[in-house]
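Chains, contacts and geometry: an overview
If you want the building blocks of each chain, they are given just below.
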Amino acid sequence: MNDASEIDATRAPLLDHLIELRRRLLYCAAALVVTFIVAFYFSRPIFAFLVHPLVAAGQSKIIYTQIFEAFFVQIKVAFFAAMMASFPVIANQLWQFVAPGLYRQEKRALLPFLLATPVLFIMGAAMAYYVAVPMALHFLLSYQGDLGGIQQEALPSVGNYLDFVMQFLFAFGLSFLLPVLLMLLERAGIVTRKQLVSARRYAIVAAFAIAAVLTPPDIGSQLLLAIPLVLLYEIALIGIWFTERKRAKEAATADASESV
């Protein structure tokens, strides 16, 4: 069966597509609701895990200044945890909806990126949690102490700290998806490897600019994000080089088989 017949075999009226989309979205919503309920039950242990770098930095107290702040923090923690826990189900449902409209080659090309996305995101978030957040806290909490006869003490609130640590987790997690994004753009024909190579200097400047915006003002935290961004850009170039060679080899094999 050729590619055209594959697409023809999966054609369906618009109403059928809408019904299928609704069914997939309902599955995604159900997965999110179930994981949210479970995550809310474990929200305090999850937040205790997130607050561990603050404890390791020497901070022994965290406060809340508004009556509902602690409760809403638990809601946010449960939602973030539910989003991460339900991502495999959501990604699978989206794949099941999109896959019938793709050629066989497109399925083979897209599936590795889909599988690599959660792995790379977790790697980036882990680097933020175990390296970047402790370094940033060490710098920011160093301002405590005597200030002209007045004791300056850090009393972070639960909401403020959650926003702080989530900013790091998502910034590093999304940054580690850079190779996937660039390789998808190249695969779609939006950019070429030659264009990406010529734009390397601008990418380095952009990496440091992004790091300056998303991290505290200390140079250590900025380097911890900027350097991986630059390395990931180079990794994407290497990955594109390999995929270009593979596509060229497949094209040459196909031409040879047609000429026989």
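Remember, it's a predicted structure, so these values are computed and weren't measured experimentally.

A short note on the packing of helix H5 (residues 69–98) against helix H7 (residues 158–175)
Each pair of packed helices gets described by two things: the angle between the helix axes and the distance between those axes. Close contact between H5 and H7 brings their axes to 9 Å; oriented N to C, the two are set at 20°. Accordingly, the angle class assigned to the pair H5 and H7 is roughly parallel. As H5 runs across H7, the sense of the crossing is left-handed. Residues Glu69, Ala70, Val73, Lys76, Val77 and Phe80 of H5 lie in contact with H7, whose contacting residues are Val158, Gly159, Asn160, Leu162, Asp163, Met166 and Phe170. Here the residues of the contact of H5 with H7 are counted per class, giving 8 nonpolar, 2 polar and 3 charged.

Thoughts on the environment of Gly58
Along the polypeptide, Gly58 turns up in the loop between helix H4 (52–56) and H5. A C-alpha to C-alpha distance of 9.5 Å links Gly58 and Leu137, two positions 79 residues apart in sequence.

Considering the packing of aromatic side chains
Under the counting rule described, the total for this entry stands at 16 aromatic pairs. Summarising the aromatic geometry, the rings of Phe168 and Phe172 are spaced 6.1 Å apart at their centres and angled 10° between planes, so their arrangement reads as stacked. Pair noted here: Phe168 and Phe172 are both in helix H7, with a separation of 4 residues, about one helical turn. Joined through ring pairs, the aromatic side chains of Phe36, Phe40, Phe68, Phe71 and Phe72 make up one cluster.

Brief notes about the pattern of salt bridges
Counted by the stated rule, this structure contains 4 salt bridges. Each of Glu20, Arg23 and Arg24 takes part in a single network of salt bridges with overlapping partners.

Here's the deal with the nonpolar core
In this structure, Tyr161, Leu162, Phe168 and Leu169 are the most contacted members of the largest nonpolar core, which totals 46 residues. Sorting the residues of this core by element identifies helix H3 (43–50), H5, helix H6 (104–140), H7, helix H8 (178–187), helix H10 (200–214) and helix H11 (219–259) as the ones contributing at least two each. Element by element, the count of residues in this core is highest for H6, at 10 residues. Sequence-distant contacts of Leu169, that is, excluding residues within four places in its chain, are made with Leu50, Phe121, Ala125, Ala128 and Tyr129.

Notes on a nonpolar patch on the surface
Residues Leu14, Leu15, Leu18, Ile19, Leu21 and Leu25 make up a contiguous nonpolar surface patch of about 580 Å² in total accessible area. Following the sequence through the fold, Ile19 ends up in helix H2 (residues 14–41). Residue Ile19 is classed as partly exposed on the basis of its relative accessible area, which comes to 42%.

Quick word on the side chain of Ser86
Looking at the element boundaries, Ser86 is found in helix H5. On the basis of relative accessibility, which here comes to 1%, the residue Ser86 falls in the buried class. Not counting the four nearest positions on each side in its chain, Ser86 is found in contact with Ala31, Leu32 and Thr35.

Looking at the confidence of the model for the protein
When pLDDT is averaged along the protein, the result is 83; 91% of the residues meet or exceed 70. Within the protein, the lowest mean pLDDT, 49, falls on helix H1 (residues 3–9), and the highest, 94, falls on H3.

A look at the environment of Leu140
Relative to the elements of secondary structure, Leu140 occurs in helix H6. Sequence-wise, Leu140 and Leu177 are 37 residues apart; in three dimensions their C-alpha atoms are separated by 28 Å. When near neighbours in sequence (up to four residues on either side) are disregarded, Leu140 contacts Phe164 and Pro216.

Cut-offs used in this document
Residues numbered from 1 in each chain as written. Predicted model: local features only at pLDDT ≥ 70, side-chain atom pairs only at ≥ 80, totals over all residues. Heavy atoms only, no water. Axes fitted to C-alpha atoms, helices over the stretch in contact; angles between N-to-C directions. Helix = DSSP H or I, 4+ residues; strand = E, 2+ residues; numbered from the N terminus. Parallel < 35°, antiparallel > 145°, perpendicular 65-115°, else oblique. Left-handed = near helix turned anticlockwise from the far one by under 90°. Contact = heavy atoms within 4.5 Å. Nonpolar A, V, L, I, M, F, W, Y, C, P; charged D, E, K, R; others polar. Phe/Tyr/Trp six-rings, centres within 6.5 Å; stacked < 30°, edge-to-face > 60°. Salt bridge = Lys/Arg side-chain N within 4 Å of Asp/Glu carboxyl O. Core = buried A, V, L, I, M, F, W, Y, C linked by side-chain atoms within 4.5 Å. Buried < 20%, exposed > 50% of the residue type's maximum accessible area, 1.4 Å probe, protein only. Patch = residues over 30% accessible without salt bridge, like charges linked within 9 Å, V, L, I, M, F, W, Y side chains within 5 Å. Areas by Shrake-Rupley, 256 points an atom, 1.4 Å probe, with all protein chains shown as cover. pLDDT = per-residue confidence, 0-100.

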